[in-house]
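Each chain is listed here by its residues.
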Amino acid sequence: MIRKWNEESLDHRNALLYAMGISEEDAKRPVIGLINSWNEMNPGHFPFRDVIDEMKKEIYEAGALALELPISGICDGICSNTPGDRYTLPARDLVSSEVETVAELNMLEGMVILSTCDKVVPGMLMGALRVNIPTVMFTGGYMAPGELDGRMLTLTHTKQAYAAHIGGDMTREEYKAVVRNACPTPGACPFMGTANTMCATAEVLGFSPPGNASVRSQTPQWHELARKAGRKIVEAVNAKLRPLDFLTQANFDNVVRYMMATGGSTNSLLHIPAIARQGGFDITPEIFDRISREVPVISTIYPNHPTYTMADFSAAGGLGAVVKELAKTGKIDATARGMFGTIGEIAKEARNRNPEVIHPVNAPVQEQGGLAVLHGNIGSDSAIVKFSAVEKEAWVFSGPARVFDSQDEAWQAMLKDEIQAGDVVVIRYEGPKGSPGMPHMETFMAAVLGKGMGTKIALVSDGRFSGATGGLAIGHVSPEAYEGGNIALIRDGDLIHIDIEARSLTVEVDEQELSRRRSAWQPVNKPATGWLELYRRNTTSAHRGATVYWD
């Protein structure tokens, strides 16, 4: 047993378990918490109700007692382009606190953490590392891609369709048809967004059964992986195998290497450092940038590819096939181990079934990794761009600034055709402290793409993006405007220069003029109460994970 009970406290607990029908004999078993984020407002988490009984049965037959403990499981898409989006990133730290609370309060011997979506997966992993008891993660699988008139659809196409409708290029009926057909089944949105990026993080780190991150939700294979997770957690409890017994810096470096190879979400630069920090490891934007120069993109799905989705990626061999290609050329540390074996063992069992979808390293899609970290007098700490989702013709871009202090103002201007080709749109006061909460800027970029201007307009923001965002979108500018970063001092008409390959982001204003502007600067103070205000007071910058848990 990992937990130490005295007789009185154990009997006090057991008396309450007996009240719920648990027998005296079963109360002697190790208690495994099924930390379940199932709910009826998140399609990525909705399937978990289908596997709870299967997991309980596997765990019971292996000699332990599984008890379900529900926690929050938010969906970023539900609140997109609403004030509620300010809560999505802070929800990650809240979820980590819930995991820590239910694990410690209930003195669990081990946990299976069930999660799929953008903030909940990293939040659960952060909590698991702080608690450091035997833990397995099971993720919910991807949803089927949508289809309309022979064209692939995903959730993000609804935003693009709305912009096209407002612009007169699509009828209202055509727009509503996109909405109806974009999300045909439960599961994670089937593009290389944050959800699938984070599910891959859990698997590469070693918490999830091999294949879990690239399996279709609710399939027989997905159910079998759930049962495997149930069996594995009892083995781990019996062996007293804790996460920090197997995690090393190499595990986290491997996650970054996988992100680069697949063009993972820019949100990984918030989440992976925050997770690593809980275990005493250090992942910084500088490490992302170094690895981006070493590991090429070898697989792209939407938005990095016009038509491929998770269905194509899975059919080609999924995460295991990417790891196999990286391992062949030493681009990933094959000795790093997890709950289910080493990276090398996972690679050995995998097969690349379609080198058009998952390329060999010597024939990459792109010579450098999918994410780039930019520096300059805008973003003197860092700024982030999803390299793999930007057309090559826009890798170097210069234009006059169009400055907005909120996404909504910029979005309305875009819909009204008040933003012109060649403009560099600056959306500020949307960072961790400024908004507060650092909401997505995907609505603005979807309007840009919906109007066919993905290479003609650039965006620079201290906010962040959905993993589904395409186009020249630069986010996570640190220091943010609220903290007096130079992004706060930019004015309409200032010339901004972007060079992705050179990792450069600058405004053509000299230091003397910036100092003069700073002397008159006052931050925009957007109202916040409760949890959001507490988050604003305590969070780090985006450069350091935008988390309240950073010592």
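Heads up: these notes are all about the structure in this document.

What counts as what
Residues numbered from 1 in each chain as written. Predicted model: local features only at pLDDT ≥ 70, side-chain atom pairs only at ≥ 80, totals over all residues. Heavy atoms only, no water. Buried < 20%, exposed > 50% of the residue type's maximum accessible area, 1.4 Å probe, protein only. Helix = DSSP H or I, 4+ residues; strand = E, 2+ residues; numbered from the N terminus. Pairing = 2+ DSSP bridges. Contact = heavy atoms within 4.5 Å. Expected span 1.5 Å × (residues − 1). Salt bridge = Lys/Arg side-chain N within 4 Å of Asp/Glu carboxyl O.

**Observations regarding the pairing of strand S12 (residues 424-427)**
Of the two faces of S12, the one carrying Val424 and Val426 and the one carrying Val425 and Ile427 are both buried. Across four bridges, the pairing between strand S11 (residues 396-404) and S12 is parallel. Bridge pairing links Phe404 to Ile427 in S12. Alignment of S12 against strand S13 (residues 458-461), held across four bridges, turns out to be parallel.

**Digging into the side chain of Asn42**
Of note, Asn42 is situated in the loop between strand S1 (31-36) and helix H2 (52-61). In contact with Asn42, not counting residues within four places along its chain, are Gly73, Ile74, Cys75 and Cys117.

**Some words on helix H8 (residues 220-239)**
With 20 residues, H8 should reach 28 Å at 1.5 Å per residue; the first-to-last C-alpha distance of 29 Å fits that figure. Restricting attention to buried positions, one finds in H8 the residues Trp222, His223, Leu225, Ala226, Ala229, Gly230, Lys232, Ile233, Val234, Ala236 and Val237. Where H8 is buried, its residues meet S1, H2, strand S3 (110-114) and strand S4 (135-138). One or two steps after H8, the chain reaches Lys240, where phi turns positive at roughly 55°.

**Description of the pattern of salt bridges**
A full pass over the atoms with the stated rule returns 28 salt bridges. Among the salt bridges present, the one from Lys57 reaches Glu61, with a minimum N-O distance of 2.7 Å. Residue Lys57 and its partner Glu61 are both found in helix H2; the two are separated by four residues, about one turn of the helix. Residue Arg231 is joined to Glu58 by a salt bridge in which the shortest nitrogen-to-oxygen separation is 3.4 Å. A residue pair is termed long-range when its members are at least 10 positions apart, and Arg231 in helix H8 and Glu58 in helix H2 qualify at 173 residues. Among the ionic contacts, a cluster of salt bridges with common partners joins Glu54, Glu58, Glu224, Arg227 and Arg231.

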